[in-house]
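Residue-level listing of the chains:
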Amino acid sequence: MKCNLDKLKKIDLRDVWPHEALDFTKWLSEEPNLAILSSAVGIELELIETESSVGSFNVDIYAQEAGTGRKVIIENQLEDTNHDHLGKVITYAAGKGAEVVIWVVARARDEHRQAIEWLNQHTDSDFGFFLVEIELWSIGDSLPAPRFNVVEQPNEWTKAIKLSEGLSETERVKLSYWTKYREVAQATPEFLKAFNPQKPSKDHWTTLRCGTSAYHIALLIDTQHGRIGIEFYAPDDKEIGHKAIDNTDLFEERLGLAATPFDAKKASGLRFYKDGCKIKNNEAAWPRFISEQLEWALAMKKLIAELGL
């Protein structure tokens, strides 16, 4: 069988972005492009400002993680990594009190890969360093398309082990479950198109942002009763929360779960649980539980869009 195929062609970065600050930083700071980087690093990034002052210097992009408010600095370098920029990212991180550093480069030299790896190994769970290569590719006469390749990143499992010190047994189970969740989520392309999974925590929930502060989706685990769940949560907007409650039957139909509406002083929404899902001492079943939760999240987000919430 004959297949009509074309060849990928790598495009020089400077052909598209001649000036790093005026062209590339400006492009990357735009929401759709920052979302591409967000997907690559697994952190939902929100722009604070570009060329943000740090003493007598400026960091290219100052941002934050949606939902947590963790401060993020992004330093761009459309060339091979060098010691000057390595010093800059550390200086800027200290000056901004950032917990996440993203160094975007044309090519990462081995010595700088090792330096970023060392920083991730010798900092606690609150800090993360990413080294990311940016490439441009086209097919035939198509427009160039960007691709971010993560070269070095925090080892979430190692960070999780460090964080687990001093936690109770139940808290360690929750942390391990959400660590596995992030691993499964990052291997599920359909889910990553819709959501950016948060870093693992010791809580009984993990939040999924929906592009608005008015509401979010949360995945739930109940280690005491052996069940997994999901909820639609409106923290302050009663109109949205009540609209979800008014459509309880539709949510139940789409998810195949019974709903428990809640209407507290501020928050309101719907909560769903599936019983018979033992969490403790049942790690082999976690990927199956998590895959089901990812399906619920996608179904819920689709329904939310249909309802115009």
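Since the structure is predicted, the reported quantities are computational estimates derived from the model, not experimental observations.

(A) Representation of the pattern of salt bridges. Counted under the stated rule, the structure contains 13 salt bridges. Between R70 and E65 there is a salt bridge; the shortest N-O distance is 2.7 Å. For R70, a relative accessible area of 10% gives the class buried. Note that E306 and R254 form a salt bridge whose closest N and O atoms lie 2.7 Å from each other. Of this pair, E306 sits in helix α11 (residues 286–307) while R254 sits in helix α10 (residues 248–255), and the two are 52 residues apart along the sequence. Owing to a relative accessible area of 46%, E306 belongs among the partly exposed residues under this scheme. Through salt bridges with shared partners, a single network forms among K10, E135 and R147.

(B) Representation of helix α4 (residues 83–96) in the model. The end-to-end C-alpha distance of α4 is 20 Å, a good match for the 20 Å that 14 residues give at a rise of 1.5 Å each. When we look at burial in α4, the residues that qualify are H85, L86, V89, Y92, A93 and K96. Down the axis of α4, the buried set is contained in an arc of 130°. They therefore lie on one face. Exposed and oriented more than 90 degrees from the buried face of α4 are H83, A94 and G95. Contacts from the buried residues of α4 go to α2 (20–29), β2 (45–54), β3 (57–65), β4 (71–80), β5 (100–107) and α5 (110–121). At the N-terminal end of α4, a side-chain oxygen is found 3.3 Å from the backbone nitrogen of D84, two or three residues along, and the residue is N82. Phi turns positive one or two residues past the end of α4, at G97, with a value near 65°.

(C) How the structure looks around the nonpolar core. Ranked by internal contacts, the top residues of the largest apolar core, which has 41 residues, are Y177, Y181, Y215, I230, F232, F272 and M300. Listed by contribution, the elements that provide at least two residues to this core are α7 (169–186), β9 (216–222), β10 (227–234), α9 (238–246), α10, β12 (268–274) and α11. For this core, the element with the most residues is α11, which contributes 10 residues. Beyond its immediate stretch of four places on either side in the chain, Y215 contacts C210, F232, Y233, A234, P235, I240, I304 and L309.

(D) Structural detail: the layout of surface pockets. Taken as a whole, the largest pocket spans an internal volume of roughly 510 Å³. The wall of the largest pocket is formed by 21 residues, among which E31, A35, E44, N196 and G211 lie closest to the centre. Counting residues per element, the lining of the largest pocket draws most heavily on helix α3 (residues 31–41), which supplies five residues. Taken together, the residues of the lining of the largest pocket sort by class into eight nonpolar, seven polar and six charged.

(E) Local environment of empty space enclosed by the protein. As enumerated under the stated definition, the model contains one cavity of 30 Å³ or more in all. In this structure, the largest cavity occupies an estimated 30 Å³ of space. Every residue lining the largest cavity is listed: G42, I43, E44, E65, A66, N196, P197, Q198 and R209. Split by residue class, the lining of the largest cavity holds three nonpolar, three polar and three charged. Both of domain 1 (8–154) and domain 2 (159–307) provide at least three residues apiece to the lining of the largest cavity.

(F) The arrangement of the domain arrangement of the chain in detail. Domain parsing of the chain yields domain 1 (8–154) and domain 2 (159–307). Computed from C-alpha coordinates alone, the two centres of domain 1 and domain 2 are separated by 30 Å. Tallying the contact residues gives 19 residues for domain 1 and 11 residues for domain 2. Connecting domain 1 to domain 2 are zero salt bridges. Linking domain 1 with domain 2 are one residue pair in polar contact (both at pLDDT 80 or more), by the criterion used here. Mapped onto the side of domain 1 that touches domain 2, the elements with two or more residues apiece are α3 and α5. If one sorts the elements of the side of domain 1 that touches domain 2 by residue count, α3 sits on top with three residues.

(G) The arrangement of the side chain of D60 in detail. Position of D60 among the secondary structure elements: in strand β3. K88 is the oppositely charged side chain nearest to the buried, salt-bridge-free D60, at an N-O distance of 7.5 Å. For D60, the contacting residues outside a window of four places in its chain are E20, T25, E49, T50, E51, I74, E75 and N76.

(H) Region of interest: the pairing of β2. Pairing analysis gives eight bridges linking β2 to β3, with the strands arranged antiparallel. Directly across from V54, in β3, lies its bridge partner F57. Taking the residues that link successive antiparallel strands as the turn, the β2-β3 hairpin has two residues, and the phi of G55 there is positive, at about 65°.

Thresholds applied
Residues numbered from 1 in each chain as written. Predicted model: local features only at pLDDT ≥ 70, side-chain atom pairs only at ≥ 80, totals over all residues. Heavy atoms only, no water. Salt bridge = Lys/Arg side-chain N within 4 Å of Asp/Glu carboxyl O. Buried < 20%, exposed > 50% of the residue type's maximum accessible area, 1.4 Å probe, protein only. Helix = DSSP H or I, 4+ residues; strand = E, 2+ residues; numbered from the N terminus. Expected span 1.5 Å × (residues − 1). Arc of directions from axis to C-beta. Contact = heavy atoms within 4.5 Å. Polar contact = N/O pair within 3.5 Å; in protein donor to acceptor, adjacent residues only side chain to side chain. Core = buried A, V, L, I, M, F, W, Y, C linked by side-chain atoms within 4.5 Å. 1 Å grid on protein atoms, 1.4 Å probe; cavity = no way out; pocket = protein on both sides within 12 Å on 5 of 7 lines; lining within 4 Å. Points joined across faces, edges and corners; volume = space filled by probe spheres on them. Nonpolar A, V, L, I, M, F, W, Y, C, P; charged D, E, K, R; others polar. Domains from an automatic or database assignment. Lys, Arg positive; Asp, Glu negative; His and termini not counted. Pairing = 2+ DSSP bridges.

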